[in-house]
Each structure stands twice: as C-alpha cells, then as structure tokens.
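Here is how the chains run, residue by residue.
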Amino acid sequence: MAVRTVSIQSVYLYGQLAAMKHICEIVKKRSLWVGEDAAQAHDAIRKGKQVGTFGRMGIFSLCPTKNTD
C-alpha cells in the first residue's frame, strides 16, 4: 500500500513560530496543505499575520501541561 503525504503540521513552542515562509513554499509547490499547532503561541504575529491563519487549519488548546504530556 502506497502512502502519500497530504499535509505538513507546524508546531509552535514557547511563543516561537515555525519557519512558515519556507513551509508554505513547500506546501504550495507540492500541492499539500498545512495545519498549525498554535497552542503555545496565542496572539503571536509574524509579518502582520496572526498564528492560526497561515494554514488550512489552526489548532489552539488550553492544556497547561502540554509540554509534559
């Protein structure tokens, strides 16, 4: 059975965003989509764009122990 990649999941940690410019370039070139785990970067902004809006889907959780789970 062949496995085909359909998405890239970016993860932000300690308020730091992933390299979204590069990720979005790869996604566009390969006809993929990107999801963002933005749970640790609420209200972060890069070049006027808020986290959770770069990809097809943004995920925000409120678990205080995310790093230790």
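None of the values given here were measured: they were computed from a predicted structure. (Residues numbered from 1 in each chain as written. Predicted model: local features only at pLDDT ≥ 70, side-chain atom pairs only at ≥ 80, totals over all residues. Heavy atoms only, no water.)

1. Thoughts on helix H1 (residues 20-29)
Here H1 has its buried residues at Met 20, Ile 23 and Val 27. Looking straight down H1, one finds that the buried residues subtend no more than 65° of arc, so they occupy a single side. Seen from the buried face of H1, the exposed residues on the opposite side, beyond 90 degrees, are Lys 21, Lys 28 and Lys 29. For H1, the secondary structure elements touched by its buried residues are strand E1 (7-11), strand E2 (33-37) and strand E3 (45-46). Just past H1, the residue Ser 31 takes up positive phi, approximately 55°. (Buried < 20%, exposed > 50% of the residue type's maximum accessible area, 1.4 Å probe, protein only. Helix = DSSP H or I, 4+ residues; strand = E, 2+ residues; numbered from the N terminus. Arc of directions from axis to C-beta. Contact = heavy atoms within 4.5 Å.)

2. Looking at the nonpolar core
Membership of the largest hydrophobic core comes to 13 residues, with the highest contact counts inside it found for Tyr 12, Leu 17, Met 20, Ile 23, Ala 41 and Val 51. With 3 residues, the single largest contributor to this core is H1. (Core = buried A, V, L, I, M, F, W, Y, C linked by side-chain atoms within 4.5 Å.)

3. Points about the sheet that holds E1
Pairing is parallel in the open sheet, where 3 strands are placed in the order E1-E2-E5. Looking along the sheet, the strands with just one partner apiece sit at the ends: E1 and strand E5 (57-59). Taken pair by pair, the neighbouring strands of this sheet meet at an average axis angle of 20°, ignoring direction. Note that E2 and E5 share 3 bridges and pair parallel. Directly across from Asp 37, in E5, lies its bridge partner Ile 59. (Pairing = 2+ DSSP bridges. Axes fitted to C-alpha atoms, helices over the stretch in contact; angles between N-to-C directions.)

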